[in-house]
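The chain contents come next:
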Amino acid sequence: MSKLTHIDGDGAAHMVDVGDKTETVREARAQGTISMAMETLEAIKANAMKKGDVLATARIAGIMAAKKTSDLIPLCHPLALSKVAVEFEFLDDGIRVQSMAKLTGKTGVEMEALTACSVALLTVYDMSKAMQKDMIMSDIRLLSKSGGKSGNWTA
């Protein structure tokens, strides 16, 4: 059996020591979608939601969430992110969210990119739920990561 990275010899959870790792530029990208009725999508496009600008709010929420990932996910290292971006693409039946997190450091930023994407989607839902409660968030996934010992990976 392989040695578990986040469990010590006594079986207790612990944060991995990354102190001896080399600092490299690390970047990760994630995406997800939220499906909705055409009426809801058109209201978002027209910036006509009563709560305000849905996409601007979701972008800020995603960026803020990436910065707080270590507060949300147990054993994640707090990271000094150098960049977080959240972008939106209108689809025929909803919105695709793409996020990117970047830093120069000793551990990856996959969880930060995924958290940014997830919270941006949740914020689109929250800002739009008065119009439609049955929107569906789906297909949240890592698209790519670069840097570090394991190198580059693309979905």
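Our structure is the block above this text.
The notes below deal with the structure included here.

Cut-offs and rules
Residues numbered from 1 in each chain as written. Predicted model: local features only at pLDDT ≥ 70, side-chain atom pairs only at ≥ 80, totals over all residues. Heavy atoms only, no water. Salt bridge = Lys/Arg side-chain N within 4 Å of Asp/Glu carboxyl O. Helix = DSSP H or I, 4+ residues; strand = E, 2+ residues; numbered from the N terminus. Phe/Tyr/Trp six-rings, centres within 6.5 Å; stacked < 30°, edge-to-face > 60°. Lys NZ or Arg CZ within 6 Å of the ring centre and 35° of its normal. Pairing = 2+ DSSP bridges. Core = buried A, V, L, I, M, F, W, Y, C linked by side-chain atoms within 4.5 Å. Buried < 20%, exposed > 50% of the residue type's maximum accessible area, 1.4 Å probe, protein only. Contact = heavy atoms within 4.5 Å. Expected span 1.5 Å × (residues − 1). Arc of directions from axis to C-beta.

With that settled, the discussion passes to the pattern of salt bridges. Per the stated rule, a full pass over the model turns up seven salt bridges. The shortest N-O distance in the salt bridge between glutamate 42 and lysine 45 comes to 3.7 Å. Placement of the pair is glutamate 42 and lysine 45 together in helix 1 (residues 38-45), with a separation of three residues, close to one helical turn. Aspartate 126 is the partner of lysine 129 in a salt bridge, and the nearest nitrogen-oxygen pair spans 2.8 Å. A cluster of three or more residues bridged by salt bridges with shared partners is formed by Lys51, Asp126 and Lys129.

Counting across every chain of the model gives zero aromatic pairs. Sitting over the face of the ring of phenylalanine 90, lysine 45 holds its NZ or CZ atom 5.3 Å from the ring centroid.

A word on the sheet that holds strand 4 (residues 136-146). Across the sheet, which stays open at both edges, the five strands sit in the order 2-3-1-4-5 with antiparallel pairing between neighbours. Taken across any chain shown, the strands that pair with only one partner, and hence form the sheet edges, are strand 2 (83-91) and strand 5 (153-154). Looking at chain direction, strand 2 and strand 3 (residues 94-105) are connected through nine bridges and run antiparallel. Counted as the bridge partner of valine 84 is alanine 101 from strand 3.

The subject of this paragraph is the nonpolar core. Core analysis: the largest hydrophobic core is formed by 30 residues, its most contacted members being Met36, Ile44, Phe88, Ile95 and Val124. If you list the elements that add at least two residues to this core, you get strand 1 (24-35), helix 1, helix 2 (54-67), strand 2, strand 3 and helix 4 (110-128). Among the elements that line this core, the one with the most residues is helix 4, at eight residues. Excluding residues within four positions of it along the chain, valine 124 makes contact with Ile34, Met36, Ile44, Val54, Leu55, Ala58, Phe88 and Ile95.

The next point concerns helix 2. Spanning 14 residues, helix 2 covers 20 Å between terminal C-alpha atoms, matching the ideal 20 Å at 1.5 Å per step. The set of residues buried in helix 2 consists of Val54, Leu55, Ala58, Ala61, Gly62, Ala65 and Ala66. The buried residues of helix 2 occupy an angular sector of 130 degrees when the element is viewed end-on, so they sit on one face. Facing away from the buried surface of helix 2 by more than 90 degrees, the exposed residues are Ile60, Met64 and Lys67.

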